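Coordinates in review
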Amino acid sequence: MDSTLSGTDLLIRMKNGDEQAFAAVYRQYHPSLYVFMLRYCKVPSLAEDLVHDVFLKVWEIRDRIQPELPFAGYLYRIARNHAFKTLQRAATDRSLREQILAQLNISPESGNPEQLIKSKEYDRLFHEALNHMPPQRLNVFRLCRQEGRTYDEAAEILGISRNAVKKHMVLGMRFIHDYIFRYGGISLAIAFHLKNYFPDGVPSL
């Protein structure tokens, strides 16, 4: 292939099914995308698998590529979505979860995220997320999650409906989860997910 081809030319050729162009794009973006994925999962072998999955997805949907637009942003958006889906799968896939936790010296047998929950990084991100929440949502979270109040009790204290309390809790939990995932990666987000959605233990397969 002509080495003088620009990025746009490569994308056009890849969009049209040129496998050599795809290989050139792969070589160009693989190193930085691998570092990006490693930041999320902290497991080198898993990061490499995720990168491979992302490029496979790009090839499968290559007809959607718009060569005139920045390709890097498109690629990293696909990558982040795939990393998030992997996190969701890790919540119920025991082998995947154990692979990630074992890499961080968390006992696979216990399936207990407490070691991660106690880490300074987790604590920092958790409190940062709380500080970014709207005041009313933060009040609901503290009453229901930290003080153990029921939705009805929180509604009475705050003078709002039970449905409003429930909505604030759902949105608050989602925001904290996404914040920890975005800045702490898959491992810490798994810890939050298991701690808050499965408080009585890790779900078995």
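For clarity, every value in this text was computed on a predicted model and none was experimentally measured. (Residues numbered from 1 in each chain as written. Predicted model: local features only at pLDDT ≥ 70, side-chain atom pairs only at ≥ 80, totals over all residues. Heavy atoms only, no water.)

**A look at the overall build of the protein**
The cut-off we apply is this: A helix here means a DSSP run of H or I that spans at least four residues, while a strand means a run of E at least two residues long, and both kinds are numbered starting from the N terminus. We call a residue buried when its accessible area falls under 20% of the maximum for its residue type, exposed when it is over 50%, and partly exposed in between, using a 1.4 Å probe and counting protein chains only. It only takes one pair of heavy atoms within 4.5 Å for two residues to be counted as in contact.
Counting its secondary structure elements, the protein contains 11 helices and zero strands. Counting helices and strands in the order they occur from the N terminus, the protein gives α-α-α-α-α-α-α-α-α-α-α. A buried classification covers 40% of the 205 residues belonging to the protein. Across the protein, the fraction of contacts at a sequence separation of at least 24, relative to all contacts at a separation of at least 6, is 60%.

**A few points about helix α10 (residues 162-184)**
Note the cut-off: Expected span of a helix: the number of residues minus one, times 1.5 Å.
For α10, spanning 23 residues, the distance from its first C-alpha to its last is 32 Å, which sits close to the expected 33 Å at 1.5 Å a residue. Taken as a whole, α10 has its buried residues at Val 165, His 168, Met 169, Gly 172, Met 173, Ile 176, His 177, Tyr 179, Ile 180, Phe 181 and Gly 184. Following α10 by one or two positions, Gly 185 adopts a phi angle in the positive range, close to 90 degrees.

**Concerning the side chain of His 30**
Tracing the sequence through the fold places His 30 in helix α2 (residues 19-41). Sequence-distant contacts of His 30, defined by excluding residues within four places in its chain, comprise Glu 48, Val 51 and Phe 55.

**Things to note about the packing of aromatic side chains**
The condition that has to hold: Any Phe, Tyr or Trp ring, taking Trp's six-membered ring, that has another such ring centre within 6.5 Å forms a pair; planes under 30 degrees apart are called stacked, those over 60 apart edge-to-face, and the others tilted.
Counting across every chain of the model gives nine aromatic pairs. The interplanar angle of 75 degrees and the centroid separation of 6.5 Å between the aromatic rings of Phe 22 and Phe 55 together place this pair among those described as edge-to-face. One end of the pair, Phe 22, is in helix α2; the other, Phe 55, is in helix α3 (residues 44-60), with 33 residues separating them in the sequence. For the pair Phe 22 and Phe 55, a shared accessibility class is recorded, and that class is buried. Ring geometry for Tyr 26 against Phe 55: centres 4.6 Å apart, planes inclined by 50 degrees, an arrangement best described as tilted. Taken together, the residues span a long stretch of sequence, with Tyr 26 in helix α2 and Phe 55 in helix α3 at a distance of 29 residues. Among the residues examined, Phe 55 registers a relative accessible area of 1% and is labelled buried. Following the ring pairs from residue to residue traces out a cluster consisting of Phe 22, Tyr 26, Phe 55 and Trp 59.

**Thoughts on the nonpolar core**
To keep it simple, the criterion reads: The term nonpolar core refers to a set of buried residues drawn from Ala, Val, Leu, Ile, Met, Phe, Trp, Tyr and Cys, joined through side-chain atoms within 4.5 Å.
Within the largest apolar cluster, 34 residues are counted, with the highest numbers of intra-cluster contacts made by Met 14, Leu 33, Met 37, Val 54, Val 58, Phe 71 and Leu 75. Every element with two or more residues in this core is listed here: α1 (7-15), α2, α3 and α4 (71-90). Judged by nonpolar contacts, the second largest core, of 21 residues, contains Val 140, Cys 144, Met 173 and Leu 188.

**Quick notes on the side chain of His 177**
Convention followed: Polar contact criterion, stated in full: a pair of N or O atoms within 3.5 Å, where within protein one must be able to donate a hydrogen and the other to accept it, and residues adjacent in sequence count only if both atoms are side-chain atoms.
Topologically, His 177 is positioned in helix α10. His 177 gets classed as buried once you look at its relative accessible area, which sits at 7%. At 3.3 Å, the side chain of His 177 and the side chain of Asp 178 are in polar contact.

**Re the environment of Gly 185**
Following the sequence through the fold, Gly 185 ends up in the loop between α10 and α11 (186-197). Distance in space between the C-alpha atoms of Gly 185 and Cys 41 is 5.8 Å, their sequence separation being 144 residues. Setting aside its immediate chain neighbours within four residues, Gly 185 contacts Arg 39, Tyr 40 and Ile 180.

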